[in-house]
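Read off the chains here:
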Protein chains: 2
Amino acid sequence: MSDYRPPVSDLAFILEHIVGYDEISQFPGFEHADLDTVTGLLSEAGDFAAEVIAPTNRAGDTHGAVRNPDATVTTSPGFKEAYAKLVEAGWASLPFPEEFDGGGFPAVVGLAIQEMLLGANMAFSLAPLLTQGAIDALLHYGSAEQKALYLPHMVSGEWSGTMNLTEPQAGSDVGALVTKAVPRDDGTFGITGQKIFITYGEHDMAEQIVHLVLARTPGAPEGTAGISCFIVPKFLLNEDESLGERNGVKVLSIEHKMGIHGSPTCVMEYDDATGYLIGDLNKGMRIMFVMMNSARLSVGNQGVALSERAYQQSLAYAQERHQGAAVVPGGIVPDAPIIDHPDVRRMLMTQKSFITALRSLMLYNAGETDRSVHHPDPDVRARATEVVALLTPICKSMGTDLGNELTSLALQIHGGMGFIEETGAAQHYRDVRIAAIYEGTNGIQAADLIGRKLGVRGGASVIEFLAQLRELDGELAGAGEEFASIRSNFIEQLDKLQQTTNWMLRTGAGDPAAALSGSSPYLRQFGLVVLAWLLAKGALAAAPLDPSVAETRLVLARFFAEQQLPAASGFAAAATAGATDLFALDAGQFADLVSR
Amino acid sequence: MSDYRPPVSDLAFILEHIVGYDEISQFPGFEHADLDTVTGLLSEAGDFAAEVIAPTNRAGDTHGAVRNPDATVTTSPGFKEAYAKLVEAGWASLPFPEEFDGGGFPAVVGLAIQEMLLGANMAFSLAPLLTQGAIDALLHYGSAEQKALYLPHMVSGEWSGTMNLTEPQAGSDVGALVTKAVPRDDGTFGITGQKIFITYGEHDMAEQIVHLVLARTPGAPEGTAGISCFIVPKFLLNEDESLGERNGVKVLSIEHKMGIHGSPTCVMEYDDATGYLIGDLNKGMRIMFVMMNSARLSVGNQGVALSERAYQQSLAYAQERHQGAAVVPGGIVPDAPIIDHPDVRRMLMTQKSFITALRSLMLYNAGETDRSVHHPDPDVRARATEVVALLTPICKSMGTDLGNELTSLALQIHGGMGFIEETGAAQHYRDVRIAAIYEGTNGIQAADLIGRKLGVRGGASVIEFLAQLRELDGELAGAGEEFASIRSNFIEQLDKLQQTTNWMLRTGAGDPAAALSGSSPYLRQFGLVVLAWLLAKGALAAAPLDPSVAETRLVLARFFAEQQLPAASGFAAAATAGATDLFALDAGQFADLVSR
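Residues numbered from 1 in each chain as written. Chains lettered and ligands numbered in written order. Predicted model: local features only at pLDDT ≥ 70, side-chain atom pairs only at ≥ 80, totals over all residues. Heavy atoms only, no water.

## Here's the deal with the relation of the copies chain A and chain B
Of the two same-sequence chains, chain A is brought onto chain B (RMSD 0.0 Å, axial shift 0.0 Å) by a rotation of 180 degrees. Interpreted geometrically, this transformation is the action of a two-fold axis. The position closest to the rotation axis in chain A is occupied by the C-alpha of G570 of chain A, lying 2.9 Å away. Both copies present the same face, since 100% of the interface residues in chain A are matched by interface residues at the equivalent positions in chain B. (Least-squares fit on C-alpha atoms with pLDDT ≥ 70 in both. Contact = heavy atoms within 4.5 Å.)

## What about helix α10 (residues 342–374) of chain A?
The end-to-end C-alpha distance of α10 of chain A is 47 Å, a good match for the 48 Å that 33 residues give at a rise of 1.5 Å each. Where burial is concerned, most of α10 of chain A is hidden: 30 out of the 33 residues are buried. (Helix = DSSP H or I, 4+ residues; strand = E, 2+ residues; numbered from the N terminus. Expected span 1.5 Å × (residues − 1). Buried < 20%, exposed > 50% of the residue type's maximum accessible area, 1.4 Å probe, protein only.)

## Side note on unusual backbone geometry
All names here are of chain A. Positive phi values are uncommon outside glycine, yet D335 reaches one of about 40 degrees. With respect to the helices, strands and loops of the structure, D335 is situated in the loop between β13 (331–333) and α10. Since its relative accessible area comes to 53%, D335 is described here as exposed. Even without being glycine, R457 reaches a positive phi, approximately 50 degrees. Topologically, R457 is positioned in the loop between α13 (442–453) and α14 (460–470). By relative accessible area, R457 is classed as partly exposed at 44%.

## A few points about the packing of helix α10 (residues 342–374) of chain B against helix α18 (residues 519–542) of chain B
All names here are of chain B. The contact between α10 and α18 brings their axes to 9 Å, and the two run at 95 degrees. Put simply, α10 runs roughly perpendicular to α18. Side by side, α10 and α18 meet where S353, F354, T356, A357, L358, S360, L361 and Y364 of the first sit next to L528, V530, L531, W533, L534 and L535 of the second. For the contact of α10 with α18, the class distribution of residues is 11 nonpolar, 3 polar and no charged. (Axes fitted to C-alpha atoms, helices over the stretch in contact; angles between N-to-C directions. Parallel < 35°, antiparallel > 145°, perpendicular 65-115°, else oblique. Nonpolar A, V, L, I, M, F, W, Y, C, P; charged D, E, K, R; others polar.)

## Remarks on the pairing of strand β9 (residues 243–246) of chain B
Residue and element names in this part refer to chain B. For strand β8 (residues 235–237) and β9, the ladder comprises 2 bridges, and the chain directions are antiparallel. Bridging across to β9, F235 finds its partner in R246. What sits between the antiparallel neighbours β8 and β9 is a turn of 5 residues, in which E241 has the positive phi angle 70 degrees. (Pairing = 2+ DSSP bridges.)

What follows is the structure, encoded as structure tokens:
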């Protein structure tokens, strides 16, 4: 039996009741993707994730990817075989256009399946995830010829993709990159430079790797305004489109990381490699953002996925492990499983409520992505685009910050065994830690929220979103006494979020340093309120359904509203404190208490 | 140059101004340990930690302890040599009685030095730390003969000590242990059984290992009432007290852990090993608690120590690493070090304020330990004993929960480099993770606070402690406008803590499950208020001192009071929510959302 149980019923519930999937399935082109079909697909994909991918997870950790002396990379035991099965089954191609041999399913379905692949094996599933980012970039900006040449192979997974942004001196500051792209007479470019942190930059699972590389042409403007994006295939293509000779790109080394050992994180050397410009010269940042936005949601999804897997393991352990007597309501259970201890219950409820809330958040955002592209009404599309922009940094940061915290709770439930690697709980905790860092650190997400997203339409966009949250008040009021505490806590915290938001909007323009100083606590406050909203929506939707499901959703929403949500206002003071105290100490004083 | 800078000036400041060390140094027996002498000692010990111990830290991680086929254990490169120097320098023996060749210094001095040893290399410093626990047990309960035989060697460090509690089925539930102790005609006992998670159960740094082992004699009562404590030396002692033949104890295996690889965590097999009873039969739990209480404070200290080391590293990185322009108050800094980014500042300020607050907490508690033993007034001794009992679970949990969070912030500041093992930031994050688990999980600490400590003198003990905190109000009021926001935030949160405490006291007796359900959030709420109190005390004490020091302490106290402390009341709702929602879901419903 697999040790990963795909959360199919929760995914299907959220699609139906929170995302409003029925509407999405009626958009043109999604006629074949009704909810029943999708639920069946989720179930099949879940089986695949549990039975084919999940068993490779431990080996990925204990036998990480290895770079060989001939600059090839051997992936972890079982990865190559599992990848072949993934390509064969076609799960990764589901959300791409049928024109390029994709399944033509909505993005939200792709994200749901992606969670299960990530939960089964995050390190493995980064290969299709990065490929997806490259596909998105080509779909948006590739020429017709480029699309025809690359996309069918990439959509199927026969060819994988990478994103090459980072250089040693250019991390968060992408504009500092120096990789050169020298135009050649034949219209191609000679790409030369070193890129670091390239996920699956080299591996043995796909026959071809399509690198998307950011570089500068001679004389290009400084900073981000002079960056162009190039396709650099590992193997050049022959006239008949078969794989030809090796291009001038190779892996120099792979990193020794705290987690996701199965994912080769490569230092790549480009030595006059042949590159093909995508889109316009000096417009590479636009293309990068297409890759990034899709990737940021997927990274948030990683937090959910590993939290789910860690939760399942901790739940099983809490039910199996007996340690003494437990004090429970109304009495004492002798020789109790540790799930009977109130504090262990708290850790489990915290995990479970956050996980379903975060999953709802990721899927909600993906559903808005589908609306932003496919809804027949342009006003709805425009509004959905704004919501996606607003929620993406929240998805990324909340998913990954909570990913760290929830996998830590799962580890904690195991007691001393949690610290022993063979237990597996530590792997989830180590693996997920990168997610708060890559694709823009969570600090950058918070800056993005404050700096780019709050100001949309002079603040009207975020204000409308908060108004949308408030619409739930009426429904909660009409739902009876059981929802009273959810309603009161939610509205109280929404009011406070409104106040903090008003402060941010007032302050941001005139004193950006003050607004940025509160960006991370503000994002957390915002995120907690949105999570409570989504759980409350779920509980309301479940009320008329099967009593056990209705009770579970109600309890989770109430626990969250009463016991987790109150933390939100605790972040308000820090969000609105301004920059003074953060900048009060000079470098010497920061070190002062530890010097002599 | 060492990459660890011992926090001598902060330790000395806290000793003088928060612990009230001048009073302690006047207790009988501490005449040689005045503040100047101690400050000099801290400085020397800090140099030793930085220059001798700290350089062994990476090798401890990359080349962990290894068990050899002959059941010996080879420790990490450099450990044996560093240990010999530690013994020679005598730093570990400082807090023990001169009668047994110790330095006769107060416990608080020992804890201050311990922090620097732990910060230099936690895995290494667990050897003297565990020895200290064994010494404490022998000091309290050993016979005169046992003390004379073992203590001088253990105090010097020539012999190390271990604590053998845990068995596979007996972790948090110590009473479930089954290791047998069969009396022999000569008054010794034959000890047989298996112990797990034995820190430094076998190693090559000391010539002798003195195991303290909990076991049951035939016919002993069940549970904790039938546990006795035995000395089981690795080598039996000859008549002339020289080391004789091997005793029947050996290491079966060492664990593969997420962190502290340099510390051999042993599975120990006792096969009719010769043991010597300590204290009375069936009173082993008392002895264990002596070891435990000292160890719990030391484990909290581990969180502080690694947070400090991680902070130093992240501060250095934030000053060195340049990434683009930063928005600072009043303008933009081009090509800025990342310390100029407001959110990076927030992460540094969060670390720094919590670290000095937590350090103050550990030392305050250790100072109370000294008062509880050495103060001439028995009433003061009795009260100090209560305060130590109350604060110990808070020290352990806050120190280690924050240890996880603060080392995570330090890692985060490194961006992608933080996830690369060679950077070293990940090691601190991995190493510290065990501290929230061992010596009683933090959940057990919270249960201890609620179940054993709040009820002391019918609640009067904790109420008096909160009244002691409130005494600061007058001082803050008299300190001027600069302290106004510290005062208002502190009193607001103290009031709320008082309310939560009253709820706990009312509820605990009649509905223990409800009180236990809120135990962890209550501990956090309590801890945050105590930390704010300690920082405020420090700021008040610093006000008349050097202006730079005064400003630093004021800013840290104000940042904490305004921006971190408000989170405290966010835990009040969860602390007082009762057990209902935690016990609303059955096992099936806990799994429900993930089953199909």
